[in-house]
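A look at the structure
Chain residues, written in single-letter form:
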Amino acid sequence: MGSRYLRWAAILVVACVVGVAGGMFGLGGGVLLVPLLVLLFAFDQHKAQGTSLIALVPPTGLLGFLNYAHAHEVAWTFGFLLMPGVFLGGFLGSWLAQKLSPDRMRVTFAALLFLIGAAQAIAAWWK
Amino acid sequence: MHFIAIVLGGIIGILVGFLGIGGGVVLVPAMVYVLHFGQHTAQGTSLLMQLPPLGLGALLVYWKRKEVDVAAGILCALGILLGGYFGSVLAIGTASRNLRGYFGLFEMLAAALLWQRHRAKRSAEAQRG
């Protein structure tokens, strides 16, 4: 009983840290939440992804978003036009995830992400 | 520009469903490098895109397979909501160039975490024989 509450408290703390990163970088946080649920709380990969998706159903970025909107840092039309594609693509992607083993895909994605990140850090500070 | 938004949305949606992520991690660099948005505007627009529950279709598929921990999901939502406020305050006060650099470092960290999971699973499989 006690250990279950402890686990819930730990998940809440980790989620707060993920939220700070999410607000700071304009992300939903799933990219950090999924590996952390797996590494720290022994979630199975599919379950971590499903749990991340349910956590992103409420507008969790709202408080962060309002700060950006207040600072006039939002491209409204572009943002709205992205939505239908993301919604429909989400069906296709989740269907694919159940058909294939996402392991290879995830590693490819991790490698790609690392390169994008490195390019961005280099471009920001050494150019 | 409008056409790019719709196509880009579709590509990001596939990643959302496939990996259970919000998609901003790909969307923000795409807006900065392909469309030359400022770093802050790209991040604000990414948060706008994620306000409606666009992962709902994807979630349905996971839900049917019972691959969802509802209690953990609610706690995560709460934590992300609260943390997001403080994160955005930090971001608004950071110079665009530095923010772009930090974003890059963050992506490298996230990539390392995703990668590590793969290695951990492989060694577990090897132990099981």
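The notes below deal with the structure included here.

**A closer look at the overall build of chain B**
Along chain B, the regular secondary structure elements total 6 helices and 0 strands. The burial tally for chain B puts 55% of its 129 residues in the buried class. Taking all contacts inside chain B whose residues are at least 6 apart in sequence as the whole, residues at least 24 apart take part in 45%.

**Regarding helix 3 (residues 45-55) of chain A**
Here helix 3 of chain A lies mainly inside the structure; 10 of its 11 residues are buried. Of all the residues in helix 3 of chain A, the buried ones are Gln45, Lys47, Ala48, Gln49, Gly50, Thr51, Ser52, Leu53, Ile54 and Ala55 of chain A. Next to the buried residues of helix 3 of chain A lie helix 2 (30-41) of chain A together with helix 1 (2-19), helix 4 (56-64) and helix 5 (70-92) of chain B.

**Details of the packing of helix 3 of chain A against helix 4 of chain B**
At a closest axis distance of 9 Å, the pairing of helix 3 of chain A and helix 4 of chain B adopts a crossing angle of 135°. With respect to their mutual orientation, helix 3 of chain A and helix 4 of chain B come out oblique. Remark: the crossing between helix 3 of chain A and helix 4 of chain B carries left-handed chirality. Residues His46, Gln49, Gly50, Leu53 and Ile54 of chain A of helix 3 of chain A form the contact with helix 4 of chain B, whose own contacting residues are Ala58, Leu59 and Tyr62 of chain B. Of the residues that constitute the contact of helix 3 of chain A with helix 4 of chain B, the class distribution is 5 nonpolar, 3 polar and no charged.

**Here's the deal with the interface of chain B and chain A**
Taken residue by residue, the interface counts 90 residues in chain B and 90 residues in chain A. Only helix 1, helix 2 (24-33), helix 3 (39-49), helix 4, helix 5 and helix 6 (96-128) of chain B provide two or more residues apiece to the side of chain B that touches chain A.

**A word on the environment of Trp95 of chain A**
With respect to the secondary-structure elements, Trp95 of chain A resides in helix 5 (residues 76-99). When the C-alpha positions of Trp95 of chain A and Gly22 of chain A are compared, they lie 26 Å apart, and in sequence the two are 73 residues distant.

About the cut-offs
- Residues numbered from 1 in each chain as written.
- Chains lettered and ligands numbered in written order.
- Predicted model: local features only at pLDDT ≥ 70, side-chain atom pairs only at ≥ 80, totals over all residues.
- Helix = DSSP H or I, 4+ residues; strand = E, 2+ residues; numbered from the N terminus.
- Buried ≥ 20, exposed ≤ 12 C-beta atoms within 10 Å, placed from the backbone.
- Contact = placed C-beta atoms within 7 Å.
- Axes fitted to C-alpha atoms, helices over the stretch in contact; angles between N-to-C directions.
- Parallel < 35°, antiparallel > 145°, perpendicular 65-115°, else oblique.
- Left-handed = near helix turned anticlockwise from the far one by under 90°.
- Nonpolar A, V, L, I, M, F, W, Y, C, P; charged D, E, K, R; others polar.

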